Each structure stands twice: as C-alpha cells, then as structure tokens.
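Summary of structural features
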Amino acid sequence: MDSTKDFVDVITTAWNQFDAEQIVKHLDESFRYDSQWVFDYLDYNGYIDYIRGKFATLKNSNSIIKAETVADNQLGGYMTKICQTNPATNQSAIVYYRIQVDNNKIVKGDLCMF
C-alpha cells in the first residue's frame, strides 16, 4: 500500500463488510489497540480475537454499520468514522478509528468518540 489513507480505506471496508481478515492481514505483530471503552490495551493476538468476535456479534445482532473514510481535522491525515445504529431502537452512536502505520504495517489502533 502506498499511504496511510490506503490502510484507513481497508479499515473502512472491513467495518462495512464485517470482515476482520481484511484488517488482520495488515497488522504488525507489535500492534496495540486502545479504546475509550476498554479498560486495558489489547495486543496483536488480543485484538485479533476481539475484532473477529466484534464483527460476528454485529452480524448476528443485525446492527447497521456505516463506515466512511474522513479527514482527521484534529491530528491530520485520515480516519474511519463508524456509525452504528441499533435497528430495534433506531439509536445511533458515532466513533472514530485512527491508525498508525510503520513499515507498511498497522502498528496502532485507537477508537474514540472524537
């Protein structure tokens, strides 16, 4: 891949298709994931288990996900904006997924509300 935006586009597509393997194949073994909603960080193996389970749960719950690549006006570059809607309540939540890339691999992922 030529740029961080290419990797962000992969994250976006993976979320829209609930396809964790699109993300997994680009992770560096030193990968670390942090989220405002998770008490402790996840390492490479922990994240792989988490994202596979997360996507399976989303598929089974009929949640509506709309992910898009957007400009990151705070840190520069690009990030994935994820909107999840619960069809039973019609309530939506928006989160943002930022990544860092080093040597053509994703080394860091951060999920936050801004």
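For the structure itself, consult the block above.
Throughout what follows, the structure given in this document is the object of discussion. Because the structure is predicted, anything quoted here is derived from the model rather than measured.

**Looking at the pairing of strand β6 (residues 105-112)**
Two faces, one strand: in a regular strand the side chains alternate between the faces of the sheet. The buried count for β6 comes to six of eight residues, which makes it a mostly enclosed element. Where strand β1 (residues 27-35) meets β6, five bridges bridge the pair, whose relative direction is parallel. Its bridge partner lying in β6, Ser35 is registered against Leu111. Two strands pair when backbone bridges link them, and strand β5 (residues 91-102) and β6 are joined in this way by seven bridges, in the antiparallel orientation. Within β6, the residue paired with Arg98 across the bridge is Asp110.

**Points about the side chain of Arg98**
Locating Arg98 in the fold gives a position in strand β5. For Arg98, the side chain forms a polar contact with the side chain of Asp72, separated by 2.6 Å. Within the structure, the side chain of Arg98 is placed 2.7 Å from the backbone oxygen of Phe114, a separation counted as a polar contact.

**Focus: the sheet that holds β1**
Here six strands make up an open sheet; going across it, the order is β2-β1-β6-β5-β4-β3 and the pairing mixed. With one partner strand each, in any of the chains shown, β2 (42-43) and β3 (64-71) form the two edges of the open sheet. Helix-sheet contacts for helix α1 (residues 4-17) involve β3, β4 (78-86), β5 and β6, and the interaxial angle to β3 is about 170 degrees. Those strands touched by helix α3 (residues 44-61) are β1, β2, β3, β4 and β5, and its axis lies near 60 degrees from that of β1.

**Considerations on the packing of aromatic side chains**
Within this structure, the stated rule accounts for seven aromatic pairs. Summarising the aromatic geometry, the rings of Tyr33 and Tyr47 are spaced 4.8 Å apart at their centres and angled 40 degrees between planes, so their arrangement reads as tilted. Taken together, the positions of Tyr33 in strand β1 and Tyr47 in helix α3 put the pair 14 residues apart, joining distant regions of the chain. Judged by centre distance (6.0 Å) and plane angle (80 degrees), the ring pair of Tyr33 and Tyr97 falls under edge-to-face. Taken together, the residues Tyr33 in strand β1 and Tyr97 in strand β5 connect sequence positions 64 residues apart. Residue classification places Tyr97 among the buried positions, given a relative accessible area of 3%. Clustering of aromatic rings is evident, with ring pairs tying together Phe31, Tyr33, Tyr47, Tyr50 and Tyr97. In this arrangement the basic side chain of Lys5 is found over the ring face of Tyr78, its NZ or CZ atom lying 5.5 Å from the centre. In this structure, Arg32 packs its charged tip against the face of Tyr41, placed 3.8 Å from the ring centre.

Conventions adopted
Within each chain, residues carry numbers counting from 1 in the order of the written sequence. Owing to the predicted nature of the model, reporting of local features is limited to residues with pLDDT of at least 70; listing and counting of side-chain atom pairs is limited to 80 or more, with chain, interface and lining totals taken over all residues. The side-chain values count all of the structure's non-hydrogen atoms but skip hydrogen atoms and water molecules. Burial here depends on accessible area, computed with a 1.4 Å probe over protein chains only, as a share of the maximum for the residue type. Under 20% is buried, over 50% is exposed, and the range in between is partly exposed. The helix and strand labels rest on DSSP assignments: H or I over at least four residues marks a helix, E over at least two residues marks a strand, and numbering proceeds from the N terminus. When DSSP finds two or more bridges between two strands, those strands count as paired. We call two N or O atoms a polar contact when they sit within 3.5 Å, provided that within protein one can donate a hydrogen and the other can accept it, with sequence-adjacent residues counted only if both atoms are side-chain atoms. Residues are treated as being in contact if the distance between any of their heavy atoms lies within 4.5 Å. Only the stretch in contact is used when a helix axis is fitted, and all axes are lines through C-alpha atoms; the angle between N-to-C directions ranges over 0 to 180 degrees. Each Phe, Tyr or Trp ring (for Trp, its six-membered ring) is paired with any other whose centre lies within 6.5 Å, and the angle between the two planes then decides the class: stacked below 30 degrees, edge-to-face above 60, tilted in between. The criterion for a charge sitting over a ring is simple: Lys NZ or Arg CZ within 6 Å of the ring centre, and within 35 degrees of the ring normal.

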